[in-house]
Amino acid sequence: MSTPLVELKGLKKYFDTHKGKLHAVDDINMSFYEGKTMGVVGESGCGKSTLARTIIHLHEPTDGQILFEGKDITYPNRRELHDLREQMQIIFQDPYMTLNPRYTIEDTLKEPLILSGKYEKASLDKQIIKLMDMVGLSGRLRMAYPHELSGGRRQRVGIGRAIAMNPKFIACDEPVASLDVSIQAQIINLLQDLQKDFGLTYMFVTHDLSVVRHISHDISVMYLGQLVETSPSKELFLKPLHPYTKALISAIPSTDIDHPKERIQLKGELMSPIEPKPGCRFAPRCVYATEACHMPQKLEEVLPGHFVSCCRVRELNTDIL
Amino acid sequence: MARYILRRILITIPTILCVTILVFSLLYITPGDPAEMILGSSATEEELASYREFLGVDRPYLVQLGDYLYRLFIKFDLGDSWLYASRITDEIKNRLPITFAISMYSILIAVATGIPMGVYAAVKQNGAFDKFVLVTTSVLHAVPNYVFAMIFIMVFSLQLNWFPAYGIGSLKHYVLPCMCIFISNFGSMARSMRTSMLEVIRSDYVMAARAQGFSRNVVYFLHALPNAMIPIVTQLGGRFAGALGGTLILETIFSIPGMGLYVQGAISKRDVPVILGNVVFMSIWFCLIMLLVDILYAALDPRIKAQYIAQSAGKRRKRS
């Protein structure tokens, strides 16, 4: 396979708390290929948003590497960061909270354009109209304030702001989680159209499996800061290998009444992400857990492009592997 | 915008009227016979009656109220003191500049120092400077300003002989009282600026702006500060509005012939017209400052302006 656009090598982000280090993102290896969408799923608090923000350099990584087009960009200097902002962008979950309430749509969209220094005053206006058109906002909304817009329109502004500088990589941090289902579909279609037109690479963070299935080429499943499984999208839904992924997939409601699915119900609580013990973090809730699960786990390629971090994956999936 | 200002002014007028009537009525129902108080218990019944007639307090309530309102709003006259020959309006005219100067100097210095300190403390949250600001402002805010007044008089005028201990005259006279009022304003100003700034800094749109590629400091000044200033403007309005009454104790300590000393004397001698005149004057002052704050608010916060424009546009559409 070609070199990935963005590659993470053992990326870690720990936060200091008064109880100890909180392992929000722990030793993540992940590759994002040009023009593709990598879905990142996991329950709330598993570190998927932190991962997105760390890649985009809103958090400073604790350890590990971030590569962009093969170049190490883990700790960029000012100049490099400025250039990176044009290459890597982010769309946030709540478009109302992330738009400055005192800025009109025009002000918000203008900012990245001015910052880049690539636009003259005259072409700025044209570019804003073009941008609004690209994300499906009518030009008459230029002077509107965020509170005057509906959720869907606000998110379109958020998307417009992210694509303003024509980036290659966009981290979408739950971009549709706060929208109505009908609007969700519109926004996802918009994101897909933009991907087709500009060859964008997405990291699509979500907790909604039906959304991620629709948009992603590959899917990574996270559990408490760690990657438990990565696989091509279709394969993940057909052949989930990690016990946690199996539980997630089984929770999707089925419309097939002739073949009712067996739901795997997880028991027990999430363990604390603060100073966690080594070993599989899912083990305390896993029905298959043995002594070996309390040893550190390794991400292993069990099928082409399908990685699983579980020491018992082969014995549990004898029918597939 | 002009319509917005006009509407605010129209709302202010009945407010001032109501406050005046309320204060007048409150002082009217306070018990005690002014004539007996002034002439003493040795005065005869005839003397008391003629004195009441002289003061005008023998007339019915509504007549007195009407007379007061007429004089206040048509002739801009606050009446006469019961005890002294001077007219209240003239007294206020002489005393207002002194009190005004003391309050404004100290508030302005508090704004000029407290706001930057609050902002810096918030930006460097949990740093050494932040902790220093938190501790000092707590102390300055908690200790009443008359305590500082006593300390300052002892240290700076009695011991060091740098500044005069009482009276008003040269610029030097202003230093100590201004410092006392400054201290109490500064503490709360820095603290609320810090809190407000922290809240805005933590908001998602500040993070979003950073993702756009702005450096931290630019985001703080461009995105965070204007939003963080909104509650501070409200608070400042209250402070300016209350400024005239806030110096009461300090004027007594430093024997400054300002508004505070005037009211204080009137209260201890139950000189009702003076109390009434001062309270009414301060209420009007308060209403006017608040009017100014409202207008400033709309200029600062586009949401308020936009809301008003949308409202009036809606009304116009309905009418046509």
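Right above here is the structure, for reference.
Let us look at the structure shown here. This is a predicted model, so every value here is computed, not measured.

## Regarding the overall build of chain A
Consideration 1: Counting its secondary structure elements, chain A contains 10 helices and 12 strands.
Consideration 2: Rg of the C-alpha trace for chain A: 21 Å, near the compact-globule value of 20 Å for 321 residues, within the 12% margin.
Consideration 3: Dimensions of chain A along its principal axes, counting C-alpha atoms only, are 65 × 50 × 40 Å.
Consideration 4: Considering chain A as a whole, with its 321 residues, one finds that 51% of them fall into the buried category.

## Side note on the pairing of strand β1 (residues 6–17) of chain A
Successive side chains on a regular strand alternate, one facing one side of the sheet and the next facing the other.
Residues and elements named next belong to chain A.
Consideration 1: Taken together, the 9 bridges between β1 and strand β2 (residues 20–32) define a ladder with antiparallel strand orientation. Its bridge partner lying in β2, Y14 is registered against H23.
Consideration 2: Here β1 folds back onto β2 in antiparallel fashion, the turn holding 2 residues.

## Structural notes on the pairing of strand β6 (residues 88–91) of chain A
Residue and element names in this part refer to chain A.
Consideration 1: Burial of the side chains of β6 extends over both faces: M88 and I90 are buried on one face and Q89 and I91 on the other.
Consideration 2: As paired elements, β6 and strand β7 (residues 169–173) share 4 bridges and run parallel to each other. Counterpart to I90 in the pairing with β7 is A171.

## Here we look at the packing of helix α12 (residues 259–269) of chain B against helix α13 (residues 272–300) of chain B
All names here are of chain B.
Consideration 1: At a minimum axis distance of 8 Å, the contact between α12 and α13 shows a crossing angle of 140°. Considering the angle they form, α12 stands oblique to α13. Here α12 and α13 pass one another in a crossing that is left-handed. When α12 is examined against α13, the residues M259, Y262, V263, A266 and I267 are found in contact with a partner set consisting of V274, I275, N278, F281 and M282.
Consideration 2: Partitioned by chemical class, the residues of the contact of α12 with α13 number 9 nonpolar, 1 polar and no charged.

## Overview of the sheet that holds β2(A)
Consideration 1: A sheet is described by the order of its strands in space; here 4 strands give the open sequence β2-β1-β4-β5 (chain A), paired in antiparallel fashion. Edge strands, defined here as strands with exactly one partner in the open sheet, are β2 and β5 (71–72) of chain A.

## Notes on the packing of aromatic side chains
In this description, an aromatic ring pair is defined by two values, namely the gap between the centres and the angle between the planes.
Consideration 1: Evaluated as defined, the whole model comprises 16 aromatic pairs over all chains.
Consideration 2: Each ring, one from B:F129 and one from B:F132, has its centre 6.3 Å from the other, and the planes form 40°; the classification is tilted. Taken together, the residues B:F129 and B:F132, both in helix α6 (residues 128–142) and 3 residues apart, mark about one turn of the helix.
Consideration 3: Given a relative accessible area of 47%, B:F132 falls into the partly exposed group.
Consideration 4: Feature note: the residues B:F24, B:Y28, B:Y61 and B:Y68 constitute an aromatic cluster, connected by ring pairs.
Consideration 5: The ring of A:F237 has A:R213 lying over it, and the distance from NZ or CZ to the ring centre is 4.3 Å.

## Some thoughts on the interface of chain B and chain A
Consideration 1: Facing 20 residues of chain B, the contacting portion of chain A comprises 22 residues.
Consideration 2: Buried area between chain B and chain A, both sides added, is near 2,100 Å², and the carbon and sulfur share of it is 59%.
Consideration 3: For the chain B face of the interface with chain A, the top three residues by lost area are B:M207, B:Q212 and B:R303, together amounting to 29%.
Consideration 4: At the junction of chain B and chain A, the tally comes to 0 salt bridges.
Consideration 5: The interface formed by chain B and chain A contains 8 residue pairs in polar contact (both at pLDDT 80 or more).
Consideration 6: Taken together, the elements giving at least two residues each to the side of chain B that touches chain A come down to α9 (204–211), α10 (216–246) and α14 (302–319) of chain B.
Consideration 7: In terms of residues, the side of chain B that touches chain A owes the most to one element, α9(B), which gives 6 residues.
Consideration 8: When grouped by side-chain class, the residues that make up the side of chain B that touches chain A number 11 nonpolar, 5 polar and 4 charged.

## Observations concerning the packing of helix α1 (residues 2–29) of chain B against α13(B)
A packed helix pair is summarised by two numbers, namely the angle formed by the two axes and the spacing between the axes.
All names here are of chain B.
Consideration 1: Taken N-terminus to C-terminus, the directions of α1 and α13 make an angle of 160°; their axes are 10 Å apart at the nearest point. Here α13 runs roughly antiparallel to α1, going by the angle between their axes. In the crossing of α1 with α13, the sense of the turn from one axis to the other is right-handed. The residues of α13 that touch α1, namely those facing Y4, I5, R8, I9, T12, T15, I16, V19, T20, V23, F24 and L27, are V272, I275, L276, V279, V280, S283, I284, C287, L291, D294, I295 and A298.
Consideration 2: Across the contact of α1 with α13, the residue classes tally to 18 nonpolar, 4 polar and 2 charged.

Criteria and thresholds
- Residues numbered from 1 in each chain as written.
- Chains lettered and ligands numbered in written order.
- Predicted model: local features only at pLDDT ≥ 70, side-chain atom pairs only at ≥ 80, totals over all residues.
- Heavy atoms only, no water.
- Helix = DSSP H or I, 4+ residues; strand = E, 2+ residues; numbered from the N terminus.
- Rg over C-alpha atoms; globule rule 2.2 N^0.38 Å.
- Buried < 20%, exposed > 50% of the residue type's maximum accessible area, 1.4 Å probe, protein only.
- Pairing = 2+ DSSP bridges.
- Axes fitted to C-alpha atoms, helices over the stretch in contact; angles between N-to-C directions.
- Parallel < 35°, antiparallel > 145°, perpendicular 65-115°, else oblique.
- Left-handed = near helix turned anticlockwise from the far one by under 90°.
- Contact = heavy atoms within 4.5 Å.
- Nonpolar A, V, L, I, M, F, W, Y, C, P; charged D, E, K, R; others polar.
- Phe/Tyr/Trp six-rings, centres within 6.5 Å; stacked < 30°, edge-to-face > 60°.
- Lys NZ or Arg CZ within 6 Å of the ring centre and 35° of its normal.
- Buried area = accessible area lost by both parts, 1.4 Å probe.
- Salt bridge = Lys/Arg side-chain N within 4 Å of Asp/Glu carboxyl O.
- Polar contact = N/O pair within 3.5 Å; in protein donor to acceptor, adjacent residues only side chain to side chain.

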